[in-house]
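So you can see what is in the structure, the chains are spelled out below.
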Amino acid sequence: MDRLLITGGRQLSGAVEISGAKNAALPLMASTILCKGETLLRNIPNLKDIKTMSEVLANMGAAITVEGSCLRINTDTLLNKEAPYELVKTMRASVLTLGPMVARFGCAKVSLPGGCAIGARPINLHLMGLEKMGAKITLSKGYVVAKAKRLKGATIFCDISTVTGTENLMMAAALAKGRTIIENAAREPEVEDLANALNKMGAKIAGIGSSVIEIEGVDELHPVDYAIIPDRIETGTFISIAGITGSNLLIKNCRYDHILAIVEKLRETGITITQEEDGLRVIGPPPGTLRPADVKTMPFPGFPTDMQAQFIALTSLAAGTSIVKETIFENRYMHVAELRRMGANIEIEDNIATVRGVEKLIGAPVMATDLRASASLVVAALAAEGETVIDRIYHLDRGYEKIEDKISNLGGNITRVKGGRA
Ligand code: EPU
């Protein structure tokens, strides 16, 4: 199992290029199930989760080729309508194949994802929506089986805003008969990106980017050539890195309109963020002068839960106390115990973290527990005194493309050690 060795305390400088968004790429890959032909997806990050989704599609009969940051997916020969446990258990986003499969083939069998490190994460709303569209859903031996001759348009109210739930239902509704309305739809940029791609494929989706999405079903869709949006969470992670190391970085290939809440909150901590012609100029305050800030995670356009761990790492060195409230997932503070091992002073009570800034963090052996928790350890390690060894970085490899290359290009002291103990 690979580990990362980081010696902190260096100021970084230079430019970093943000990769395509993992959470936009995954639903777009699943959307290729909706039609025959060859889709070309551009700006796809080279990540473990992308490989897993490729395996899910290949297992269904799709032919996939990788050309640099492009993926060609040919779905002419899709046969198998199943996403097996072996793949779904490694990546819950495999459930995104359920909606498109049942819409195109009238039946789908997808292993029910279990709980995960950050919460129970049920898919009841995905299933409720498909049932409203006329699918017959059964659960058998750990699998969800959905059947429908042809899905019918319906009005679906989601009592919780769900990102992959909205995406699954939008893909299913694109080929349903009649009009579907999704109320309290997720408004995340990744949902918007999928809707834009579906419209390019011939779907009729209105209300894109709002909480009420209207989909007029069509009989057929066609493949497209589509470039996905940059990763807003990777952008936020690099802003946090600049902030905690007092560095001056240019962050290229990012969408400012997708990170307004992140920018506002990180500015409060004393980071200067300005738009320049070729990217975002980010300047961290001198070490020891970061300010505390309070934050509550919310669905988009609020502050994303996927930035909560990095924010805690950042404010663990602020001059004062920050209160962080996690409202999306019930168990998303696994990084706190690891940050404490580096000297952070953080208390958790229910879903509230009280982060009392300390003067310095000290490098230590720590363990990654999920994707964003791992990112927070990288943020902290870059500012800590001495060496930090981060174990189990396969979590990081699921969502951050070439992170050690990007950081060492900026002058950071970071190396990957291959293999070794678990
Ligand atoms: N929920 C339900 N029932 C459902 C669906 C969701 O109760 O049927 C609950 C969840 O348990 C959670 C809340 O609704 O409490 C929101 O979950 P959501 O469905 O929006 O999350 P998701 O679609 O499973 C995506 C991202 C996550 C990100 C969340 C929240 C992808 C592939 N994953 O997950 O990304 O944290 O939205 O923004 O898009 C990550 O990249 O590290 C990551 C975990």
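Parameters at a glance
Residues numbered from 1 in each chain as written. Predicted model: local features only at pLDDT ≥ 70, side-chain atom pairs only at ≥ 80, totals over all residues. Heavy atoms only, no water. Core = buried A, V, L, I, M, F, W, Y, C linked by side-chain atoms within 4.5 Å. Buried < 20%, exposed > 50% of the residue type's maximum accessible area, 1.4 Å probe, protein only. Contact = heavy atoms within 4.5 Å. Near = heavy atom within 4 Å. Polar contact = N/O pair within 3.5 Å; in protein donor to acceptor, adjacent residues only side chain to side chain. Areas by Shrake-Rupley, 256 points an atom, 1.4 Å probe, with all protein chains shown as cover. Helix = DSSP H or I, 4+ residues; strand = E, 2+ residues; numbered from the N terminus. Pairing = 2+ DSSP bridges. Axes fitted to C-alpha atoms, helices over the stretch in contact; angles between N-to-C directions. Domains from an automatic or database assignment. Buried area = accessible area lost by both parts, 1.4 Å probe. Salt bridge = Lys/Arg side-chain N within 4 Å of Asp/Glu carboxyl O.

Caption draft 1: Broad picture of the nonpolar core. Ranked by size, the top nonpolar core spans 75 residues in total, and within it Leu130, Met133, Leu151, Met170, Leu198 and Leu221 carry the most contacts. Setting aside anything within four residues of it in sequence, one finds Met133 in contact with Leu151, Lys152, Ala154, Ile156, Leu169, Ala172, Ala173, Ala176 and Thr180. Counting 64 residues, the second-largest nonpolar core is a separate cluster that includes Ile233, Ile262, Phe311 and Ala318.

Caption draft 2: Molecular detail of the site of the ligand. Looking at the ligand, there are 21 residues lining it, with Asn124, Thr162, Thr164, Asp306 and Ile328 nearest. Arg121 places a side-chain nitrogen or oxygen 2.9 Å from an oxygen atom of the ligand. Note that an oxygen atom of the ligand is positioned 2.6 Å from one of the side-chain N or O atoms of Thr164. Considering the ligand on its own, with 820 Å² of exposed area, one finds that the protein chains cover 88% of that surface. Taken together, the elements giving at least two residues each to the shell around the ligand come down to α1 (22-31), α5 (124-132), α6 (163-174) and α12 (371-383). With three residues, the single largest contributor to the shell around the ligand is α5.

Caption draft 3: Quick look at the sheet that holds strand β10 (residues 155-157). Taking strand neighbours across the sheet as the criterion, the four strands line up as β10-β11-β13-β12 in an open arrangement whose pairing is mixed. Strand pairing shows two members of the sheet lacking a second neighbour, β10 and β12 (204-206), which therefore form its edges. Ignoring strand direction, the axes of neighbouring strands in this sheet form an average angle of 15°. As paired elements, β10 and strand β11 (residues 179-183) share three bridges and run parallel to each other. Bridge assignment links Phe157 to a residue of β11, and that residue is Glu183. The sheet strands contacting α6 are β10, β11, β12 and β13 (212-216), and the helix crosses β13 at an angle near 25°.

Caption draft 4: Spatial organisation of the side chain of Lys22. Position of Lys22 among the secondary structure elements: in helix α1. Judged by its relative accessible area of 8%, Lys22 is buried. Only 2.7 Å separates the side chain of Lys22 from the side chain of Asn23, close enough to count as a polar contact. Look past the residues within four positions of Lys22 in its chain and what remains in contact with it is Pro45, Leu47, Asp49, Asp231, Leu371, Arg372, Arg398 and Gly399.

Caption draft 5: Representation of the domain arrangement of the chain. Domains assigned within the chain are domain 1 (3-19 + 230-417) and domain 2 (22-218). On the side of domain 2, 20 residues touch domain 1, which itself brings 24 residues to the contact. Surface buried jointly by domain 1 and domain 2 totals about 1,800 Å² across both partners, of which 51% is contributed by carbon and sulfur atoms. The largest contributions to the domain 1 side of the interface with domain 2 come from Phe300, Arg398 and Glu401, which together make up 32% of the buried area. Scanning the region where domain 1 abuts domain 2 turns up two salt bridges. For the salt bridge of Arg232 with Glu190, the shortest nitrogen-to-oxygen distance reads 2.8 Å. Seen at the junction of domain 1 and domain 2, the total is seven residue pairs in polar contact (both at pLDDT 80 or more).

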